[in-house]
Amino acid sequence: MNILGIDLGSTQTCAIIAQKDDEGLKVIGFAKAKTNGVKKGAITNIELASKSIEDAVKSAEMMSGVHYDKVVVSISGAYTKSVDSTGVVNIPKGEITIKEIHRAVGTAKHTANLPNGYEIIHVLPYNFKVDDHEFVDDPLGMNGNRLEVSTHIVISQESHIKNLKKVVELADLRVDNIVLSGYASSIACLDDSEKELGAVLIDMGGAICDMIVHAGNSIRYNSCLQIGSINITQDLSMALHTPLREAEKIKLNYISLSQQPNALIQIPSMGDERKVNEVSLDVISNVIYARAEETLMILAKILSDNRYINSIGGGIVLTGGMTKLAGIDELAPATFDNKSVRLATARKELISGFNEIFSDPENTCAIGLCLYGAGYFTPYELDSNEKLRYKGEIENFNKQIKQNIAIENVDEINNENFSKNLQENDTIFIQEQEYDSKDIKEKKSSVFTKLWHKVINQF
């Protein structure tokens, strides 16, 4: 199975094709394209946004040389909300199966208090309770009379979902799943111990920062800050009075520039690019540092007001393109009250492929989308199609296909035997008919012969 992950970001679109087989998951195609028609996570021009996806996907296809079987697309946290809900069902036969878990999660979905005009992206169970036994990790196969589930439900405006699907369909693609971008990044970055202890993942992108809190089995909280690395570019452009494209170059080259503290950088002037100004690195550093510090402080304030602040023993994990700024690894711990902070890229033990793809934090979300399509998600959840997803579903699906094929083969053999028997019976019947005809003819012949002989003897 080949999975296409599409991360439609505000500044660039990333497309990754991963191949899943018996040996695991491997990236076989990768491409990026400049995003047009998207601002701060919202689609502002359907045709331009679709062209961005089309360009990235075509390049990824050329690299991989294969077609994709499943398309998984990210949705920005800028236009998502969340609600919590609980579902309770009785267990008529005493044993909890996938059917009972599906009913419980479905009940939580139906009892959720959703705002008008919103659709469900994910229904994520974070706690199961069987009878009086709380904090059950996996109720499958357990015995009980009552199953209760607590869920975190991610929702988005119906119009935004329709626009996203239309953008993808105009690029001649069909959306199989829509996944919250922060959730996809958490799948790619967080390890098991961080999930168990509770961790905050912040994907610092071009125009927005997605934040999710993962505790225990699933996401417990998701939020978004509409500030990103593009704000640094705009600040540099205004402070240095230089065009945006030149400011972007300075930002991208800041890591190498920071190694030359006394350097003077020549930059073209706004309005007259033939005129060149000299700027010291200190000025550039102050502009970048001020915006990065402000962004981290706002994120820290959002986190400090969160009720899960005391249950994040796994610390804070930062990923996304903005984390490539020099010095952010030193600035972040001080901003987050000296909590443990880790700069992360996608985990290589989950997926193999080109090293340069995994070493770039900009690709985290797209890799997470491929992992989601391959079965790396919460133990149970209702996806964007309101279909129950669960661990081992692909293996069970393949097993069911094999069973169906085996049954079909048996049916074919039985049909062949039945046809053969029919043919044999028909042959026997025909032969019997022939024998009967012969007997009748012979009987008729013998009677006529006897009569003829009797007549002759009279004369």
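Cut-offs applied
- Residues numbered from 1 in each chain as written.
- Predicted model: local features only at pLDDT ≥ 70, side-chain atom pairs only at ≥ 80, totals over all residues.
- Heavy atoms only, no water.
- Helix = DSSP H or I, 4+ residues; strand = E, 2+ residues; numbered from the N terminus.
- Contact = heavy atoms within 4.5 Å.
- Buried < 20%, exposed > 50% of the residue type's maximum accessible area, 1.4 Å probe, protein only.
- Pairing = 2+ DSSP bridges.
- Axes fitted to C-alpha atoms, helices over the stretch in contact; angles between N-to-C directions.
- Left-handed = near helix turned anticlockwise from the far one by under 90°.
- Nonpolar A, V, L, I, M, F, W, Y, C, P; charged D, E, K, R; others polar.
- Phe/Tyr/Trp six-rings, centres within 6.5 Å; stacked < 30°, edge-to-face > 60°.
- Lys NZ or Arg CZ within 6 Å of the ring centre and 35° of its normal.

S.K.: Explain the environment of Ile255 to me, please; I cannot follow it from the model alone.
M.R.: Within the fold, Ile255 resides in helix H8 (residues 254-257). Residues in contact with Ile255, not counting those within four places in the same chain, are Lys324 and Ala326.

S.K.: What is the right way to look at the pairing of strand S17 (residues 316-319) in this model?
M.R.: Working note: regular strand, side chains alternate between the two faces of the sheet. Of the two faces of S17, the one carrying Ile316 and Leu318 and the one carrying Val317 and Thr319 are both buried. In the sheet, strand S12 (residues 199-204) pairs with S17 via four bridges, with the strands oriented parallel. Bridge assignment links Val200 to a residue of S17, and that residue is Ile316. Direction of pairing for S17 relative to strand S18 (residues 341-343): parallel, over a ladder of three bridges.

S.K.: What is the right way to read the sheet that holds strand S13 (residues 209-215) from this model?
M.R.: To summarise the sheet geometry, strands pair through backbone hydrogen bonds and adopt either a parallel or an antiparallel arrangement. The strand order across the open sheet built from five strands is S14-S13-S12-S17-S18, with neighbouring strands paired in mixed fashion. Looking at which strands have only one partner, the edges of the open sheet turn out to be strand S14 (218-225) and S18. Neighbour-to-neighbour, the strand axes of the sheet open up by a mean angle of 20°, direction not taken into account. Here S12 runs beside S13; their pairing, made up of six bridges, is antiparallel. By the bridge assignment, Met204 is partnered in S13 with Cys209.

S.K.: Sorry if this is basic, but what is going on with the packing of helix H6 (residues 229-240) against helix H7 (residues 244-252) here?
M.R.: At a closest axis distance of 8 Å, the pairing of H6 and H7 adopts a crossing angle of 115°. The element H6 and its partner H7 pack so that their crossing is right-handed. On the side of H6, the interface is formed by Ser229, Ile230, Ile232, Thr233, Gln234, Leu236, Ser237 and Leu240, while H7 contributes Leu244, Ala247, Glu248, Ile250 and Lys251. A class-by-class count of the residues in the contact of H6 with H7 yields seven nonpolar, four polar and two charged.

S.K.: Is there a simple way to think about the packing of aromatic side chains in this case?
M.R.: When we look at a pair of aromatic rings, we describe it by the centre distance and by the angle of the planes. According to the stated counting rule, one finds three aromatic pairs in the structure shown. Arranged with centres 6.0 Å apart and planes meeting at 80°, the rings of Tyr183 and Tyr372 form a pair that is edge-to-face. A residue pair is termed long-range when its members are at least 10 positions apart, and Tyr183 in helix H4 (residues 181-189) and Tyr372 in helix H12 (residues 364-373) qualify at 189 residues. Like Tyr183, the residue Tyr372 is buried in the burial classification. Through pairs of rings, three or more aromatic residues link up here, namely Tyr183, Tyr372 and Phe377. Lying over the aromatic face of Tyr126, Arg220 brings its terminal NZ or CZ to 3.8 Å of the ring centre.

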